[in-house]
Amino acid sequence: MYKAAAAVIWMCLLVGCQSTEKTQTNKQPHSQAAVNHAKQENTHTKEEKQKAEPRYYINPKTFAVEKLDDQKDKKPIALLTIDDAPDQHAAEIADKLHDLHASAIFFVNGQFLKKDENKKALQHIHELGFMIGNHTMTHQNLKDLSEQKQREEIIGVNKAVEKITGEKPAFFRAPFGSNTDYSDKLIKQEGMVKMNWTFGYDWDQKYQSKKALTDITLSSPYLRDGANILMHDRKWTAEAMPDIVKGLRTKGYTVIDPRAIKRP
Ligand SMILES: [Zn+2]
């Protein structure tokens, strides 16, 4: 597990979590069975979700999602997360997830919010009911930055997101999973949940197609109860998302609503 996480971080450094792919919108038809199934999972209104008692927490060592109560529902759970948003595909990914009644966290880089169309995309994602996370302003390794600079990288996103959506990010994910003592302290002060991931493949060239990404995500040895799945605002990820959600459900997983994750 450690090796896999280290490889992810290393590869992320290489690819820099950047993509120049152009947006492609081709909505996938979804099966009624998958939608009906999802409706049972996710029948709360937005208001109810905000008031809901926490049912899960993020394990601070493994970053897996753990069940808080002795849930009668013993089904395995998975959390979907989309980093480096909102660049070119986040709104499309949100629409596809919404059609399937599946929740997710979109981790935002503040640098994307300079453009009006990206501000609109963030507003749209928020209005669909998705939670927003903080992924820093400019996607730098926090370990290379002064405390003052780290503060700007983190607080800048919270301010920008709150201005657009009216809601401060509840989760923090450092670029490359690289946190510092100072950033740990700051995100605690800001009331955010620190979050890395348990596995993800869309940054790896081998899996940058709809089929390859769907197949590896659903067959990965790291796909297990509590999976915290790392994905990105990318073309192939947008294309694969409906099949990944349907495949997770076919395997018996509940795609959880992050509003039910315990926060400080
Ligand atoms: Zn990233």
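Relevant structure appears above.
Residues numbered from 1 in each chain as written. Predicted model: local features only at pLDDT ≥ 70, side-chain atom pairs only at ≥ 80, totals over all residues. Heavy atoms only, no water.

1. Digging into the overall build of the protein
Operational definition: Secondary structure elements follow DSSP: runs of H or I of four or more residues count as helices, runs of E of two or more count as strands, with numbering from the N terminus. Residues are treated as being in contact if the distance between any of their heavy atoms lies within 4.5 Å. What sets the accessible areas is the Shrake-Rupley method with a 1.4 Å probe; for residues, cover comes only from the shown protein chains.
Regarding its fold elements, the protein presents nine helices and nine strands. At a minimum sequence separation of 6, the contacts of the protein that also span at least 24 residues come to 76%. Just so you have it, the protein exposes about 12,400 Å², and 51% of that area is on carbon and sulfur atoms.

2. Observations concerning the coordination of the zinc ion
Geometry reference: four tetrahedral donors at a metal, ideal angle 109.5 degrees. Six octahedral donors, ideal angles 90 or 180 degrees. Here is the rule we go by: A donor here means an N, O or S atom no more than 2.8 Å from the metal, or no more than 3.2 Å when the metal is Na, K or Ca. Since water is not included, a site may seem to lack partners. Burial here depends on accessible area, computed with a 1.4 Å probe over protein chains only, as a share of the maximum for the residue type. Under 20% is buried, over 50% is exposed, and the range in between is partly exposed.
For the zinc ion, every protein donor is listed as Asp 84 (OD), His 135 (NE2) and His 139 (NE2), and the spread of their distances is 2.1 to 2.2 Å. Each donor residue of the zinc ion lies on one chain, and together they are spaced D-x50-H-x3-H. Here Asp 84, found in strand 3 (residues 77–85), pairs with His 135, found in the loop between strand 5 (131–134) and helix 6 (147–165); they are 51 residues apart in sequence, far enough to count as distant. Residue classification places Asp 84 among the buried positions, given a relative accessible area of 1%. Here His 135 falls in the buried class, since its relative accessible area comes to 2%.

3. Here's the deal with the packing of aromatic side chains
For any two aromatic rings, the description comes down to two numbers: the centre-to-centre distance and the angle of the planes. As a reminder, the rule being used: A pair of aromatic rings is counted whenever rings of Phe, Tyr or Trp (Trp by its six-membered ring) have centres within 6.5 Å, and the orientation is called stacked for planes under 30 degrees apart, edge-to-face for over 60 and tilted otherwise.
Scanning the entire structure with this criterion turns up three aromatic pairs. Members of the aromatic cluster, each reached through a chain of ring pairs, are Phe 199, Tyr 201 and Tyr 207.

4. Quick look at the pattern of salt bridges
Note the following rule: Salt bridge, as used here: a side-chain nitrogen of Lys or Arg that lies within 4 Å of a carboxyl oxygen of Asp or Glu.
If you walk through the whole model with that rule in mind, you get 13 salt bridges. Here Lys 168 ties to Glu 190 by a salt bridge, and the two come within 3.3 Å at their closest N and O atoms. Here Lys 168 is found in the loop between helix 6 and strand 6 (171–172), whereas its partner Glu 190 is found in the loop between helix 7 (181–189) and strand 7 (193–194), with 22 residues between them in sequence. Note that Lys 210 is salt-bridged to Asp 243, the shortest N-O span being 3.9 Å. With Lys 210 in helix 8 (residues 210–219) and Asp 243 in helix 9 (residues 235–250), this pair connects stretches of sequence that are 33 residues apart.

5. Here's the deal with the packing of helix 4 (residues 90–99) against helix 5 (residues 116–127)
Threshold: Each axis is a line fitted through C-alpha atoms, and for a helix only the stretch in contact is used; angles between axes span 0 to 180 degrees, taken between their N-to-C directions. Throughout this description, any angle smaller than 35 degrees is read as roughly parallel, any larger than 145 degrees as roughly antiparallel, any in the 65 to 115 degree range as roughly perpendicular, and the remainder as oblique. Put simply, a crossing is left-handed when the front helix is turned counterclockwise from the back one by less than a right angle, and right-handed when it is turned clockwise. Any residue that is not Ala, Val, Leu, Ile, Met, Phe, Trp, Tyr, Cys, Pro, Asp, Glu, Lys or Arg is counted as polar, Gly included; the first ten are nonpolar and the last four charged.
Put simply, helix 4 and helix 5 touch, their axes get as near as 9 Å, and they point 15° apart. Looking at the two axes, helix 4 sits roughly parallel to helix 5. Judged by the sense of rotation from one axis to the other, the crossing of helix 4 with helix 5 is left-handed. Contacts between helix 4 and helix 5 involve Ala 90, Ala 91, Ala 94 and Asp 95 from the former and Ala 121, His 124 and Ile 125 from the latter. The class makeup of the residues in the contact of helix 4 with helix 5 is five nonpolar, one polar and one charged.

6. Structural notes on the nonpolar core
Convention followed: Throughout this description, the term nonpolar core refers to a set of buried Ala, Val, Leu, Ile, Met, Phe, Trp, Tyr and Cys residues connected via side-chain atoms within 4.5 Å.
Grouped together as the largest cluster of nonpolar side chains are 40 residues, with contacts concentrated most on Leu 80, Leu 97, Phe 106, Leu 213, Ile 229, Met 241 and Leu 248. Listed by contribution, the elements that provide at least two residues to this core are strand 3, helix 4, strand 4 (105–108), helix 5, helix 6, helix 8, strand 8 (227–232) and helix 9. For this core, the leading source of residues is helix 9, giving seven residues. Beyond its immediate stretch of four places on either side in the chain, Phe 106 contacts Ile 82, Ala 85, Ala 90, Ile 93, Ala 94, Leu 97, Ile 125, Phe 130, Met 131, Ile 132 and Gly 133.

7. Comments concerning the side chain of Asn 118
When you line up the elements, Asn 118 lands in helix 5. Those residues in contact with Asn 118 that sit more than four places away from it in its chain are Pro 86, Asp 87, Phe 112 and Leu 113.

8. Observations regarding the packing of helix 4 against helix 9
Close contact between helix 4 and helix 9 brings their axes to 9 Å; oriented N to C, the two are set at 20°. Viewed along their axes, helix 4 and helix 9 adopt a mutual orientation that is roughly parallel. Judged by the sense of rotation from one axis to the other, the crossing of helix 4 with helix 9 is right-handed. In contact with Glu 92, Ile 93, Lys 96 and Leu 97 of helix 4, helix 9 contributes Ala 238, Glu 239, Met 241, Pro 242 and Val 245. Across the contact of helix 4 with helix 9, the residue classes break down as six nonpolar, no polar and three charged.

9. Some remarks on helix 5
For the record, the criterion: A helix is expected to span 1.5 Å for every residue after the first. As used here, the arc is the angular range of directions from the helix axis to the C-beta atoms.
The end-to-end C-alpha distance of helix 5, which contains 12 residues, comes to 16 Å, matching closely the 16 Å that a straight helix rising 1.5 Å per residue would cover. Every buried residue of helix 5 is accounted for by Asn 118, Ala 121, Leu 122, Ile 125 and His 126. Within helix 5, the buried residues cover an arc of 135° as seen down the axis, which keeps them to one side. What points out from helix 5, more than 90 degrees from its buried face, is the exposed set Asp 116, Glu 117, Lys 120 and Glu 127. One or two positions beyond helix 5, positive phi appears at Gly 129, with a value near 105°.

10. Overview of unusual backbone geometry
With an omega dihedral of -10°, the bond running from Ala 85 to Pro 86 counts as a cis peptide bond. We note that His 101 has phi near 55°; this positive angle belongs to a residue other than glycine.

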